[in-house]
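What the coordinates show
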Amino acid sequence: MDEVFIAAAYIAVWGALVAYLVSLWQRTRRPS
Amino acid sequence: MTTTTFPRALVLRVRPWLGIAAIAAASISTYMSLLWAPPDAMQGDVYRIMYVHVPSAWLAYLAFIVVFLASVGWLWTRQRWFDAVAVASAEIGVLFTALALVAGSIWAKPTWGVWWTWEPRLVTTAVMFVMYVGYLLLRNLSTDFVRRASRAAVLGIVLVVDVPVVHLSVLWMNSLHQLPTVLRASGGPSLDSSMLATLLVSVAAFTLIYAYLLAARVGIELRRHERIGALRDG
């Protein structure tokens, strides 16, 4: 069961950081 | 009119190297966190969430201290790039605070039995999150650059008070959250050496990621300043 919580935390953190990075790239290419 | 040439040139030169270093450090830290570090004697493997939870919280502190310093820089010198650094760091700080709260909540469930509890560290962190979301919203209230930057700078200086409050809340009040294990007033870190090494590598990786994101976000903000200036001029 521990693995589920560990996976959830790591996916949440790294997923959010990558999503923010992608949003920055999009803002760089198409400034609002 | 103040210049933004110096920081932008520096940012563009440093950014690719920061990106490469951040990816390398993140890969090493993930390997150490999930495979190399030993399981905890009390918590087993679930404590490994610490390696993303603690760096997220520390980087939120760092980001808001940078907001404070950049706010002082703007009020002191009126150079526009200080305001760009302040807004960029505040945005990234809000992200890291949210990540600390989410990872902490996921860690709390198997260890405390609840996703959330109204205890000092959690409440002060949630307050910090809301205050800096408010800081970002305040920036949209005025279209006049100098007025907006000055109001935001005053708020950026005041809000940093919450950073030590969050960190020391576990010492000031009865708390379910564990006490500081590395940044302790008395004595050195109370962690096993391999766990401490893994935590420090994770903090280094998150710091590089923060630096890369900051460089990218500041670049976007400086371009926005130039575009608005060009539209105004004609």
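Above: the structure in question.
Overview of the structure.

Reading guide: rules and limits
- Residues numbered from 1 in each chain as written.
- Chains lettered and ligands numbered in written order.
- Predicted model: local features only at pLDDT ≥ 70, side-chain atom pairs only at ≥ 80, totals over all residues.
- Axes fitted to C-alpha atoms, helices over the stretch in contact; angles between N-to-C directions.
- Helix = DSSP H or I, 4+ residues; strand = E, 2+ residues; numbered from the N terminus.
- Parallel < 35°, antiparallel > 145°, perpendicular 65-115°, else oblique.
- Left-handed = near helix turned anticlockwise from the far one by under 90°.
- Contact = placed C-beta atoms within 7 Å.
- Nonpolar A, V, L, I, M, F, W, Y, C, P; charged D, E, K, R; others polar.
- Core = buried A, V, L, I, M, F, W, Y, C linked by C-beta atoms within 7 Å.
- Buried ≥ 20, exposed ≤ 12 C-beta atoms within 10 Å, placed from the backbone.

**Side note on the packing of helix α2 (residues 50-77) of chain B against helix α5 (residues 145-159) of chain B**
Residues and elements named next belong to chain B. Direction vectors running N to C along α2 and α5 enclose 135 degrees, while the axes themselves pass 8 Å from each other. Taken together, the axes of α2 and α5 are oblique relative to one another. Here the hand of the crossing between α2 and α5 comes out left-handed. Between α2 and α5, the residues in contact are Phe 64, Val 67, Phe 68, Ser 71, Val 72, Trp 74 and Leu 75 and Ala 149, Ser 150, Ala 153, Gly 156, Ile 157 and Leu 159, respectively. Class assignment of the residues belonging to the contact of α2 with α5 gives a composition of ten nonpolar, three polar and no charged.

**Looking at the nonpolar core**
Residues B:Ile49, B:Ala63 and B:Ala86 are the most contacted members of the largest nonpolar core, which totals 75 residues. Of all the secondary structure elements, the ones that give two or more residues to this core are α1 (2-29) of chain A together with α1 (5-36), α2, α3 (80-112), α4 (120-138), α5, α6 (162-172) and α7 (193-233) of chain B. Looking at this core element by element, the count peaks at 19 residues for α3(B). Among residues more than four places away in sequence, those in contact with B:Ala86 are B:Val67, B:Ala70, B:Ser71, B:Trp74, B:Ala152, B:Ala153 and B:Gly156.

**Here we look at the environment of B:Tyr47**
Residue and element names in this part refer to chain B. With respect to the helices, strands and loops of the structure, Tyr 47 is situated in the loop between α1 and α2. The class for Tyr 47 is buried, based on 20 C-beta atoms found within 10 Å. Through-space distance from the C-alpha of Tyr 47 to that of Phe 64 is 26 Å; in sequence the pair is 17 residues apart.

**A closer look at the packing of α4(B) against α6(B)**
All names here are of chain B. At a closest axis distance of 8 Å, the pairing of α4 and α6 adopts a crossing angle of 165 degrees. As the angle between them shows, α4 and α6 are arranged roughly antiparallel. Here the hand of the crossing between α4 and α6 comes out left-handed. For the pair formed by α4 and α6, the contact residues are Pro 120, Arg 121, Thr 124, Thr 125, Val 127, Met 128 and Met 131 on the first element and Asp 162, Val 165, Val 166, Ser 169 and Val 170 on the second. Classifying every residue of the contact of α4 with α6 by side-chain character gives seven nonpolar, three polar and two charged.

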